[in-house]
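Spelled out, the chains give:
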Amino acid sequence: MISVKELRRTFGRIVAVDGISFDVAKGEVLGLLGPNGAGKSTAMKMIACFLKPDSGTASVCGYDIAKDPVSVKKSLGYLAENAPCYNEMTVGGLLNFICDARQIRGAKRKAALDRVVPMCSIESVYHQTVETLSKGYRRRVGLAGALIHDPDVLILDEPTDGLDPNQKHEVRKLINKMAAEKCIIISTHILEEVEAICSRTIIIARGKILVDSTPEKLKQKYNAGLNEVFRKITTTKKL
Amino acid sequence: MNGFMAVFKREFKAYFSTPLAYVFLVIFLFAAGYMMFSRGFYLMRQADMRTFFSNLPLLFAIMVPATAMRLWAEERRSGSIELLLTLPITVTQAVLGKFFAAWLFLAVALLLTIPVPITVCYLGDPDIGLIITGYIGSLFMAGGFLAIGSFFSAVTKNQVISLVLSAVVCGMFIIADMPTTQAYLSAFLPAGLVKAISQLSFQGHFDSIQRGVISFKDLAYFVLFIAGWVWANIIILDERKAS
C-alpha cells in the first residue's frame, strides 16, 4: 500500500534522506529505527506530502505523492513529531476542524467522534483547550486527529514519545488492534516497542537504509538483544 | 465543506478565541474615532466623513500588519502548519482561507465604526453615497495591506519581524505619491519611473474611490495588488513551509 522509490532530500549541503526504497503491505507494521538525525522524520514527511523530495517518488494506496497529493493525504493518517496542534482551540473544536477539512459531515462525523474519542481516552479533556493539556494528552489528541477518518495507511512519528508507561501500553495496544487491516509505519527510539508491535523493521542511518528485516531475524542473526543489534549496526556498519 | 471553507471558518473563530481580536478592535475603534475628531472634524463645520477616511491609511498601515503577523508565522513557529498541510488541503486553499478570514475580521472592525456615520447623520445631512464609497475604498485598502502582511508573515517565523517588515512596506505604498517623496525620487530617477511609482501608491487610488468615483482603474489596481501579493504568499509558503 506504500511504495517508496529512491526517495532523496537534501537541506543545503546536508543529505537528510539518501535514496531510500521500500514497500509496505496491508497488515504490516513497519518500525523505522535510527539514531537522531538519521532521516526518519524527513522520510515520513515526504510520504505525508508535507515535504517535496528532491528526487525519487512514493505512492500511497496507488496515488503518487507528487502528482496527486490531495488523494494521498485523504487516504493517510499522519501524526507529526511532537503532535503539533492549535493551542487556542478546544479538543472538540480541533477534531471538528479536522472533520471539516476531511469533509466528514453529519451522522458520519458523530460516528467518527464517538469512535476515536473513547479509543484515545480523551473524553475527560474534550472541552479543554489544547494548551492546558499535558504532553501525553496532546499526543493522544493528535492521534485521534490522525485516526478520525479511519485511514488505510497510518504514519506515526514517535507516537509514544513523552507518554507514561501506562499510556505507552495503551497506544501500543491500539496499534496492535489496528495492525491487521491497516498499513502502519512508526518511527521510534524505543527498541522494546519495536519488539512489541512491529512486524518488520528498517534501520536508517545518515539517510541510508542499513537493514530491512524482522525483529526476530535480527536478534537471531546477531545473537543479541535488539538494543545491542541496533548499536552494532549503526556504529560499525560501513555505508 | 471544502478545504477553503474549513480553514476560513477555523481562522475566523481563532481571532475571537484569543484576546487579540478584542485588543485590536478596542485600539482600532478608539484611534479611528480620536483621529477623526482631533484632526479638524469640528473646524471644517461640515457633516461628512472625510477626516475619518483620510486618517485610515496611516492607521491601517500599523493595525493591519498586526492582524496579519500571526497568520503564518505563528503556524510555522508552533509546527501546526504540519498538521494543516497534511490534511487534504492545497497550499492555495490554505492561504486563501486565511486571507479571507482575516479580511472578514477587518470588515467587522470597519463595520463597528458605524457610530461615526450615525453621528455625522445626526449632525447634518451628509452624502450617503460618499460614505458608502469611502467604506468600499477602505475595505479594499485593508485587503491590500493584509495581502502584504500575510506575505511577510510567511517569510519569517518571528511575528515581530513580520510586523515590522510589513508595516514598513505598507508605509512605502502610502508615501509613494507624496510631493516630498516625488521630489526626492525625481532627483535621480527618470520622470517616467517617478510617475509609475506614484501610480503604485495606495493613496491616490484610495482618494479617488473615497471621492465617490469607483472607476475600473482603481478597482483593478486593488484587485491586482491583492492577487499579486497573495500569489507570492502561496509560492513562498510552498517553498519555506518546512524550513
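Quick note: structure is the one above.
Residues numbered from 1 in each chain as written. Chains lettered and ligands numbered in written order. Predicted model: local features only at pLDDT ≥ 70, side-chain atom pairs only at ≥ 80, totals over all residues. Heavy atoms only, no water.

A. The arrangement of the overall build of chain A in detail. When helices and strands are tallied, chain A shows 9 helices and 10 strands. The globule rule puts the C-alpha radius of gyration for 239 residues at 18 Å, and the 18 Å found for chain A is close to it. The principal-axis extents of the C-alpha atoms in chain A amount to approximately 55 × 40 × 35 Å. Relative to its full complement of 239 residues, chain A shows a buried share of 56%. Within chain A, contacts between residues separated by at least 24 positions form 66% of all contacts whose residues are at least 6 apart in sequence. When the accessible area of chain A is evaluated, it comes to approximately 10,400 Å², of which 50% is carbon and sulfur surface. Charged side chains of chain A number 36 positive and 27 negative; the gap between the two group centres comes to 3 Å. (Helix = DSSP H or I, 4+ residues; strand = E, 2+ residues; numbered from the N terminus. Rg over C-alpha atoms; globule rule 2.2 N^0.38 Å. Buried < 20%, exposed > 50% of the residue type's maximum accessible area, 1.4 Å probe, protein only. Contact = heavy atoms within 4.5 Å. Areas by Shrake-Rupley, 256 points an atom, 1.4 Å probe, with all protein chains shown as cover. Lys, Arg positive; Asp, Glu negative; His and termini not counted. Charge placed at Lys NZ, Arg CZ, Asp CG, Glu CD.)

B. Quick look at a nonpolar patch on the surface. All names here are of chain B. A surface patch of nonpolar side chains, amounting to about 320 Å² of accessible area, comprises Ile128, Ile132, Ile136 and Ile214. By the secondary structure assignment, Ile214 is in the loop between α13 (202-210) and α14 (216-240). Look at Ile214 and you get partly exposed, because its relative accessible area is 40%. (Patch = residues over 30% accessible without salt bridge, like charges linked within 9 Å, V, L, I, M, F, W, Y side chains within 5 Å. Salt bridge = Lys/Arg side-chain N within 4 Å of Asp/Glu carboxyl O.)

C. Structural detail: the interface of chain A and chain B. Taken together, the contacts link 24 residues of chain A with 26 residues of chain B. Summing both sides of the interface, chain A and chain B together bury roughly 2,400 Å²; the carbon and sulfur share of this comes to 62%. A per-residue breakdown of the area chain A buries against chain B is headed by Phe50, Tyr86 and Glu88 of chain A, which together make up 29% of the total. Taken together, the connections running from chain A to chain B amount to 3 salt bridges. The salt bridge involving Asp100 of chain A is made with Lys9 of chain B; its shortest N-O contact spans 3.1 Å. Taken together, the links from chain A to chain B amount to 7 residue pairs in polar contact (both at pLDDT 80 or more). (Buried area = accessible area lost by both parts, 1.4 Å probe. Polar contact = N/O pair within 3.5 Å; in protein donor to acceptor, adjacent residues only side chain to side chain.)

D. Geometry of the environment of Gln199 of chain B. All names here are of chain B. Secondary-structure assignment places Gln199 in helix α12 (residues 191-199). Here Gln199 falls in the partly exposed class, since its relative accessible area comes to 38%. Along the chain, Gln199 and Phe173 lie 26 residues apart, while their C-alpha atoms are 9.8 Å from each other. In this structure, Gln199 is in contact with His205 and Tyr221, ignoring residues within four places of it in sequence.

E. Region of interest: the sheet that holds strand β9 (residues 200-205) of chain A. Residue and element names in this part refer to chain A. On the basis of which strands lie adjacent, the open sheet formed by 6 strands has the order β6-β7-β8-β3-β9-β10 and mixed pairing. Strand pairing shows two members of the sheet lacking a second neighbour, β6 (76-79) and β10 (208-213), which therefore form its edges. The sheet shows a mean angle of 15° between the axes of neighbouring strands, direction not considered. Pairing geometry for β6 and strand β7 (residues 153-157), over 4 bridges, is parallel. In the strand pairing of β7, Leu76 is matched with Val153. (Pairing = 2+ DSSP bridges. Axes fitted to C-alpha atoms, helices over the stretch in contact; angles between N-to-C directions.)

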